[in-house]
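Inside the fold
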Amino acid sequence: MSGLSPRPGIMKIAPYVPGKDSIDGKPTIAKLSSNEGALGASPKVMAAYAKAAAELHRYPDGASERLRRAIGRHYGLDAARIVCGAGSDELLNLLVRAYCGPGDELLYSQFGFLMYPINALGVGATPVAAPENDYRADVDAMLARVTDKTRVICLANPNNPTGSYVTKDDVRRLQAGLPSNVLLVIDAAYAEYVSRNDYESGVELVDQAENVVMTRTFSKIYGMGGMRLGWMYGPAGVVDVISRLRQPFNVNLPAQIAGIAALEDIAHTDASRTNNDIWLPWLSAELGKLGLKPLPSVGNFLTVGFGSRERASAANDWLMNDGLIPRMIAGYGMPEHLRITIGTEAEVRESLAGFVAQSK
Ligand SMILES: Cc1ncc(COP(=O)(O)O)c(C=O)c1O
């Protein structure tokens, strides 16, 4: 028998289960399980990626300099305060590794993104979940759970899998209530889809506070989940810490080149957003007519309530049988719900047809 033993906490991790990408013995009509951008990557991104093939023997620029400058130009940010990563997942993990350790607490909201408790357990810290109010993060409940052991708070805004968001006033109230030694990580993976006056992605707060970081991704509206590319914007001190901890070549060369091309193709990003602006409310309304309960969502997905675990599971089986792949979210403590991504018009219409067929 091996005498090896992993560091405490690791064996408490229930491994993250990604969305299914195929159905045994069936052609897939629509993969709606991972909130990938409906329109895929821009053709310009694909061309840039193909061109990068000639350079594969070269190490990438370790500091992702050109990409950071392109992100800075696009979003109006200081490139020196951006760090790029292999997906925002990598950066979320690095932030926890940097600021949390054994005995510390990481605070998140009840139905928050699953990687937060996983990252906490991975460093031997204790994940603490604050209860939500009607599937919405509750800032007062979060503040009430801050202790002298709290080191990091992770807030997905908008949140996956609920699709809800916290208003800018409430996020500011959360930050204002924190001691200066607690890092607030605002995970804004779906920010590009949100068009609400009372929402902000986190940029402004990062600029005003020393203990706030925002993470972003190319996996959603830019349709580049397979590329693994994300970035964070933070105060100089946090940027310095993460730059020391990250691997020297954490963002691969094709990802850097493709990321720049994605930012330049504004028409493609706009088309992705428009697709969502049309089909998210449409599907939500149609599901409501069937007596189902989609949670209000500002992301590129809908989480639908079925009233019981059995009905959600039966709906999942039924949709899968039709070649549609939704996401069961029992792992989030929501066994009575299914999450579906807003795909193309054809995919959205197919998914509605699946729901209609099973409601008969
Ligand atoms: C809220 C949230 N944050 C972060 C991520 C990770 O994204 P990525 O690592 O692809 O950038 C996801 C992916 O689904 C997400 O839903």
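Residues numbered from 1 in each chain as written. Predicted model: local features only at pLDDT ≥ 70, side-chain atom pairs only at ≥ 80, totals over all residues. Heavy atoms only, no water.

Structural notes on the packing of helix 3 (residues 87–99) against helix 4 (residues 115–122)
Following both chains from N to C, one finds helix 3 and helix 4 inclined at 40 degrees, their axes separated by 9 Å at the closest point. Comparing their axes, helix 4 and helix 3 come out oblique. As helix 3 packs across helix 4, the resulting crossing turns out to be right-handed. Contacts between helix 3 and helix 4 involve Asp89, Leu92, Asn93 and Val96 from the former and Met115, Tyr116, Asn119 and Ala120 from the latter. Broken down by class, the residue content of the contact of helix 3 with helix 4 amounts to five nonpolar, two polar and one charged. (Axes fitted to C-alpha atoms, helices over the stretch in contact; angles between N-to-C directions. Helix = DSSP H or I, 4+ residues; strand = E, 2+ residues; numbered from the N terminus. Parallel < 35°, antiparallel > 145°, perpendicular 65-115°, else oblique. Left-handed = near helix turned anticlockwise from the far one by under 90°. Contact = heavy atoms within 4.5 Å. Nonpolar A, V, L, I, M, F, W, Y, C, P; charged D, E, K, R; others polar.)

Some points on the sheet that holds strand 13 (residues 337–341)
Ordered in space as 9-10-13-12, the four strands form an open sheet in which the pairing is antiparallel. Each edge of the open sheet is held by one strand with a lone partner, namely strand 9 (293–294) and strand 12 (327–328). Where strand 12 meets strand 13, two bridges bridge the pair, whose relative direction is antiparallel. The residue bridging methionine 328 from the neighbouring strand is leucine 338, located in strand 13. Strands in contact with helix 10 (residues 266–289) are strand 9, strand 10 (301–305) and strand 13; relative to strand 10, the strand with the most contacts, it is inclined by about 10 degrees. (Pairing = 2+ DSSP bridges.)

Some points on the side chain of arginine 68
Within the secondary structure layout, arginine 68 lies in helix 2 (residues 65–75). In this structure the side chain of arginine 68 is engaged in a polar contact, spanning 2.6 Å, whose partner is the backbone oxygen of alanine 79. Discounting residues that sit within four places of it in the chain, arginine 68 has contacts with Ala63, Ala79, Ala80, Ile82, Val83 and Cys84. (Polar contact = N/O pair within 3.5 Å; in protein donor to acceptor, adjacent residues only side chain to side chain.)

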